[in-house]
Amino acid sequence: QREVDMTRVLVSLLLVVSASGSTTGAMMKGISVTEFGAPDVMKVADIAKPEPKEGEVLIKVYAAGINPVETYKRAGTYAKHLLPALPFTPGADGAGIVETIGAGVSTVSAGDRVWLSGSVSGTYAEYCVSKASDVHPLPAAIDFSSGAGIGTAYRTAYRALFTRVKGLASSGKVVLVHGASGGVGLAAIQLAKAAGCEVIGTAGTEEGLALVKAQGAQAVSHATADYMAEIKSLSPKGEGVDIILEMAAHVNLNADLPLLRRGGTVVVIGNKGMTETNVNARALMMTESQIVGLLGVGSPEEGKEVLAGINKGLAEGALTPYKGIEFALADAPASHLEVIQHSQGTKGKIILKIRDGEGKMEL
């Protein structure tokens, strides 16, 4: 009986190791989620340090970006077939220094400063493994915390402006970023301005409005009752806008439609449940406009185009990611509350700061 029990234990251990990917036997500090639930299921723990397989890169993580989708996965409310197996370490966005590379990797070398657009093992940890295609050069002028906010925010904004509807944003177009002071919104302003667009951005606080203005956009407070009329008055000849990037369609979609010029487009980036007002589709008919949805990173071909465009903008200095509120690794639960509730205001990308400038862990 004892031999049978020991065999079962060994099999269980092998299953855990195989499920978690290749490891070195070394341990590291990281967030471990052993059950789905509230933010406090995220615990700092000693977990296995991953090892890069062929085509992968091991990163010494300095900072990780926080995204709403990570809260849904942690809670277990995301699409069931896309939920990670337990236990897991959250996080796709991050920045740091290349530690080692796996076989067949030639795009980066040990010691390179990089930002990440994805992770195999999760970025809420001292180290993570990413596919080489998700590891990108981080310009020297951009610190790690700011770099950790590039991935999801800039990919989302780039798709919304240029690839979800091919060639949507171009020189001379008027773009409204409805909810512009967050990570995606600030990225969208920078990208649209770099493409020669005129940009109007909304925010709900004085600090948020200042951030919008600092990016070169006209700023309007969406905390005032008549702000939609103000937006229209700011557009050329008061005719409205060509593109609306909408972060809260459940609240704003019906009011967005009269702002569109002929042939305009609303790109829905964020939505929580049913719309609070009935949507009058006649407004779309009158201007022959359209509403399109956006979710995820698109096709592999589109993804390559998006990443190439972002890296070009970063290298040329046209894109300068803005870090918002920073949390220590042990405060990951608080970061998940903040990314949903915005109790401290919406101002740039929310970041987990994992190491200081000298590479020492910040717990």
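Sequence order as written defines residue numbering, which begins from 1 separately in each chain. Owing to the predicted nature of the model, reporting of local features is limited to residues with pLDDT of at least 70; listing and counting of side-chain atom pairs is limited to 80 or more, with chain, interface and lining totals taken over all residues. The basis for every side-chain value is the complete set of non-hydrogen atoms in the structure, without hydrogens or water.

**Student:** Before we go on, may I ask you to explain the environment of N271 in this structure?
**Tutor:** Under the DSSP-based scheme used, a helix requires at least four consecutive residues in state H or I and a strand at least two consecutive residues in state E, with every element numbered from the N terminus. Within the fold, N271 resides in the loop between β12 (260-268) and α9 (282-287). For the pair N271 and K304, spaced 33 residues apart in sequence, the C-alpha separation works out to 26 Å. Any two residues having at least one pair of non-hydrogen atoms within 4.5 Å are treated as being in contact. With near-sequence residues (within four places) excluded, N271 lies in contact with M247, A249 and H250. As used in this structure description, the phrase polar contact means that two N or O atoms lie within 3.5 Å; if the pair is within protein, one of them must be able to donate a hydrogen and the other to accept it, and residues adjacent in sequence are counted only when both atoms belong to side chains. Of the polar contacts made by the side chain of N271, one reaches the backbone nitrogen of H250; its length is 2.9 Å.

**Student:** Looking at this structure, how should I read helix α8 (residues 249-256)?
**Tutor:** Spacing of three or four residues puts side chains on the same side of an α-helix, whose turn is 3.6 residues. Summary of the burial criterion: residues with accessible area below 20% of their type's maximum are buried, those above 50% are exposed, and those between are partly exposed, where the area comes from a 1.4 Å probe applied to protein chains only. Residues of α8 that are buried include every one of A249, H250, N252, L253 and D256, and no others. One side of α8 holds all its buried residues, which, seen down the axis, span an arc of 165 degrees. Residues of α8 that are buried in the fold lie against β8 (174-178), α7 (227-234), β11 (241-246), β12 and β13 (290-293). The arc in question is formed by the directions pointing from the helix axis toward the C-beta atoms.

**Student:** Even after reading the chapter, I still don't get the sheet that holds strand β10 (residues 218-221), so can you show me in this structure?
**Tutor:** The pairing of strands in a sheet comes from backbone hydrogen bonds and takes either a parallel or an antiparallel form. Read from one edge of the open sheet, 6 strands run β10-β9-β8-β11-β12-β13, paired in parallel fashion. Each edge of the sheet is formed by a strand with only one pairing partner; in this case those strands are β10 and β13. With strand direction ignored, the average angle separating the axes of adjacent strands in the sheet is 20 degrees. Sheet strands touched by α7: β8, β9 (198-203) and β10. Its angle to β10, the strand with the most contacts, is close to 165 degrees. Any two strands with at least two DSSP bridges between them are considered paired. Orientation is described by lines fitted to C-alpha atoms, with helices fitted over the stretch in contact, and by angles between N-to-C directions that extend from 0 to 180 degrees.

**Student:** Would you explain the packing of helix α2 (residues 68-75) against helix α11 (residues 332-341) in this entry?
**Tutor:** In a packed pair of helices, the relevant descriptors are the angle between the two axes and the axis-to-axis distance. Two elements in contact, α2 and α11, have axes whose closest approach is 9 Å; the angle formed by their N-to-C orientations is 120 degrees. For the element pair α2 / α11, the angle class is oblique. α2 and α11 meet at a crossing whose hand is left-handed. When α2 is examined against α11, the residues P68, E70, T71, Y72 and R74 are found in contact with a partner set consisting of H336, V339 and I340. Throughout, the ten residues Ala, Val, Leu, Ile, Met, Phe, Trp, Tyr, Cys and Pro are labelled nonpolar, Asp, Glu, Lys and Arg are labelled charged, and all others, Gly among them, are labelled polar. Partitioning the contact of α2 with α11 into residue classes produces 4 nonpolar, 2 polar and 2 charged. Geometric relationships in this document are graded by angle, where less than 35 degrees denotes roughly parallel, more than 145 denotes roughly antiparallel, 65 to 115 denotes roughly perpendicular, and other angles denote oblique. Handedness of a helix crossing follows the sense of rotation of the near helix relative to the far helix, less than a right angle counterclockwise being left-handed and clockwise being right-handed.

**Student:** Looking at this structure, how should I read the layout of surface pockets?
**Tutor:** Any empty space left between atoms is shown by rolling a water-sized probe over those atoms. In this structure, the second largest pocket encloses a volume near 170 Å³. Surrounding the second largest pocket, Y158, F162, L191, A194, A195, G309, K312, G313, E316, A318 and L319 form its lining. At 4 residues, the largest contribution of residues to the lining of the second largest pocket is made by helix α10 (residues 300-316). When its residues are assigned to classes, the lining of the second largest pocket shows 7 nonpolar, 2 polar and 2 charged. A cavity, in this analysis, means grid points on a 1 Å lattice covering only the protein atoms where a 1.4 Å probe fits yet has no way out; a pocket is instead an open set bounded by protein on both sides within 12 Å along at least five of seven lines, and a residue lines either one if it has an atom within 4 Å of a point. Grid points are joined across faces, edges and corners, and a volume is the space filled by probe spheres set on the points.

**Student:** Where do I start with the nonpolar core in this structure?
**Tutor:** Nonpolar side chains tend toward joint burial in soluble globular proteins. Nonpolar cores are built from buried Ala, Val, Leu, Ile, Met, Phe, Trp, Tyr and Cys residues. Side-chain atoms within 4.5 Å join them into one set. Ranked by internal contacts, the top residues of the largest apolar core, which has 46 residues, are Y154, L161, L191 and I310. Counting residues per element, this core draws most heavily on helix α4 (residues 151-163), which supplies 7 residues. With residues near it in sequence (within four places) discarded, L191 still touches Y154, A157, Y158, L161, F162 and L319. Grouped together as the second largest cluster of nonpolar side chains are 27 residues, V41, V61, V98 and L329 included.

**Student:** What exactly am I supposed to notice about the environment of S117 here?
**Tutor:** By the element assignment, S117 lies in the loop between β5 (113-116) and β6 (127-131). Residues S117 and E301, 184 residues apart in the sequence, show an inter-C-alpha distance of 15 Å. With near-sequence residues (within four places) excluded, S117 lies in contact with A92, S133, D134, H136, R155 and L307.

**Student:** For this particular structure, what's the right way to read the pairing of strand β4 (residues 94-101)?
**Tutor:** The side chains of a regular strand alternate between both faces of the sheet. Inspection of the sheet shows strand β3 (residues 56-65) paired to β4 by 7 bridges, in the antiparallel sense. Among the inter-strand pairings, A63 is bridged to a residue of β4, identified as A95. Where β4 meets β5, 4 bridges bridge the pair, whose relative direction is antiparallel. From the neighbouring strand, G94 faces β5, where its bridge partner is L116.

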